[in-house]
Amino acid sequence: MKLLLPLLFFALLSAAPAAEKVVFDRPLKPGAVYDCTIRAEQSSRYAFQMPGADNPVVKLETVSVSLAARLTVTAVNPVGNPSGIRLEIRSFSGMLNGVPVATKQLLNHAVTGHLSKNPAVFSCGKVPVSKEAAALLSAVFRPVSDSRLSDMTGAVRELKEKGDSWAPSVEALCKTLAARKLSVTPRDLSGEIVYTGNTELNRIPCRQFRIHIGTGQRADYDFRFKATLLLPVDPAAGPALKVTRDATEIVKRTVPRDNPFASGADVELISKDSTEVILLPASAAAPTPARSGGNAWDAVLR
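Residues numbered from 1 in each chain as written. Predicted model: local features only at pLDDT ≥ 70, side-chain atom pairs only at ≥ 80, totals over all residues. Heavy atoms only, no water.

Asks: Please explain the overall build of the chain as it appears in this structure.
Replies: On a plain count of helices and strands, the chain comes out with 4 helices and 14 strands. Burial analysis of the chain (302 residues in total) assigns 38% to the buried set. Working note: accessible area of the chain is about 17,300 Å², and carbon and sulfur atoms make up 56% of it. (Helix = DSSP H or I, 4+ residues; strand = E, 2+ residues; numbered from the N terminus. Buried < 20%, exposed > 50% of the residue type's maximum accessible area, 1.4 Å probe, protein only. Areas by Shrake-Rupley, 256 points an atom, 1.4 Å probe, with all protein chains shown as cover.)

Here you go:
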């Protein structure tokens, strides 16, 4: 019996799953090439209610984009986010406020994106990039920032098993909101990052994570964010291969009484963004076509 107990204890220790180290900080390098597919639906609803008016003045702006391209990173900022890209466009379509945008002239051409500018600037040496086409590209390729995935997840994380979870860091998000003059503190936000298991995308082994962040009970600000990402097991394989996200933000303000033009008016802005991005190293196979009756959005609802 004296020998059996140590052996049993050793067996239990041996059966415990080994922790796996996951690297989230994966800066890009100039020259990296990817086949990207992006689908996005975005909207902004502005409501302006003057004191004494029966109904608010409402303005709705919508953007939808579908893009497939060979993407080359031409320049990065100090934290490894792309500040310059080149897009060899294979398919491109979209609408602004429900009106289709002419994009066929850009097919099979290379478009350069200067993401170091705000707003981002897009150009093509062969054909002009219309203001409307540039607006579509700007909706999915934002000006470069210093924000990274690892700001939220941590640079490195040890995972023991499927279902492991931890709270995201939201300090960087609060700083971004502060730059927009929105006073939100880490105490106002809660969320969770969950490791949901291993999977593959185009034969590349990945780990899947689910993220959600939201505000508590605030009358002037409401934020809801959820995302799913597939991160290659091998850090050398690059950043997340697939990201789907679904975000809603509601901002409410009352115009100060000392404003001579809109004193006491209530303003509400509701922004929504549903986006799916697939970013495969150019050496990998193209994405597997969706089965009949399904589409990429099945995985989002990103």
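Having seen the structure, we can now continue with the description.
Asks: Just to check I follow, could you spell out a nonpolar patch on the surface for this structure?
Replies: A cluster of nonpolar side chains, contributed by Phe48, Met50 and Val57, occupies part of the molecular surface with about 240 Å² of accessible area. For methionine 50, the position within the fold is in the loop between strand 2 (33-49) and strand 3 (57-76). (Patch = residues over 30% accessible without salt bridge, like charges linked within 9 Å, V, L, I, M, F, W, Y side chains within 5 Å. Salt bridge = Lys/Arg side-chain N within 4 Å of Asp/Glu carboxyl O.)

Asks: Mind showing me how you'd approach helix 2 (residues 131-140) here?
Replies: Inspection of helix 2 places Ala133, Ala134, Leu136, Leu137, Ala139 and Val140 among the buried residues, and these make up the whole buried set. Contacts from the buried residues of helix 2 go to strand 2, strand 3, strand 4 (82-96), strand 6 (110-114) and strand 7 (121-123). (Contact = heavy atoms within 4.5 Å.)

Asks: Honestly, the environment of aspartate 188 in this entry has me stumped. Any pointers?
Replies: By secondary structure assignment, the location of aspartate 188 is in the loop between helix 4 (171-179) and strand 10 (189-201). Aspartate 188 sits 33 residues away from tyrosine 221 along the chain, and the two C-alpha atoms are 9.8 Å apart. If we ignore the near neighbours within four places in the chain, the residues touching aspartate 188 are Ser183, Gly214, Thr215, Gly216 and Arg218. A polar atom in the side chain of aspartate 188 sits 3.0 Å from the side chain of arginine 218. (Polar contact = N/O pair within 3.5 Å; in protein donor to acceptor, adjacent residues only side chain to side chain.)

Asks: Looking at this structure, I do not really get the packing of aromatic side chains. What am I missing?
Replies: What characterises a pair of aromatic rings is the spacing of the ring centres plus the angle enclosed by the ring planes. Applying the stated rule across the entire model yields 6 aromatic pairs. Between the aromatic rings of tryptophan 166 and phenylalanine 209, the centroid separation amounts to 6.3 Å while the plane-to-plane angle is 75°, which identifies the pairing as edge-to-face. Taken as a pair, tryptophan 166 in strand 9 (residues 165-166) and phenylalanine 209 in strand 11 (residues 204-215) lie far apart in primary sequence, 43 residues in all. For the pair formed by tryptophan 166 and phenylalanine 209, the shared burial category is buried. Look at tyrosine 195 and phenylalanine 209: their rings are 5.5 Å apart centre to centre, the planes differ by 40°, and that puts the pair in the tilted class. Taken together, the positions of tyrosine 195 in strand 10 and phenylalanine 209 in strand 11 put the pair 14 residues apart, joining distant regions of the chain. Across the pair, exposure class does not vary: tyrosine 195 and phenylalanine 209 are buried alike. Put simply, the rings of Phe24, Trp166, Tyr195 and Phe209 pair up and form one aromatic cluster. (Phe/Tyr/Trp six-rings, centres within 6.5 Å; stacked < 30°, edge-to-face > 60°.)

Asks: Help me out: how do you make sense of the nonpolar core in this one?
Replies: One broad trend across soluble globular proteins is that nonpolar side chains are buried collectively. Formed by 33 residues in total, the largest nonpolar core has its most connected members in Phe92, Leu106 and Phe141. Put simply, the parts of the chain that give this core at least two residues each are strand 2, strand 3, strand 4 and helix 2. Leaving out residues up to four positions away in the same chain, leucine 106 has contacts with Ile89, Phe92, Val111, Cys124, Val127, Pro128, Val129 and Ala133. (Core = buried A, V, L, I, M, F, W, Y, C linked by side-chain atoms within 4.5 Å.)

Asks: What exactly am I supposed to notice about the pairing of strand 13 (residues 242-254) here?
Replies: Put simply, side chains in a regular strand alternate between the two faces of the sheet. The sheet contact formed by strand 12 (residues 221-232) and strand 13 spans 10 bridges and is antiparallel. When the bridges of strand 13 are listed, leucine 230 appears paired with lysine 242. Here 13 bridges tie strand 13 to strand 14 (residues 266-281), and the two strands are oriented antiparallel to one another. Paired with arginine 253 across the two strands is valine 267, which belongs to strand 14. (Pairing = 2+ DSSP bridges.)

Asks: How should I be thinking about the side chain of arginine 26 in this particular structure?
Replies: Turning to its location among the elements, arginine 26 is positioned in the loop between strand 1 (20-23) and strand 2. The buried charged residue arginine 26 lacks any salt bridge partner; its closest oppositely charged side chain belongs to aspartate 234, at an N-O distance of 6.8 Å. For arginine 26, the side chain forms a polar contact with the main-chain oxygen of glycine 238, separated by 2.9 Å. (Lys, Arg positive; Asp, Glu negative; His and termini not counted.)

Asks: I'm lost on unusual backbone geometry in this one. Help?
Replies: Phi is mostly negative for residues that are not glycine, and the peptide bonds are mostly trans. With an omega of 5°, the peptide bond between asparagine 118 and proline 119 qualifies as cis. Here proline 119 lies in the loop between strand 6 and strand 7. The backbone phi angle of asparagine 97 is positive, close to 55°, even though this residue is not glycine. On the secondary structure map, asparagine 97 appears in the loop between strand 4 and strand 5 (99-100).

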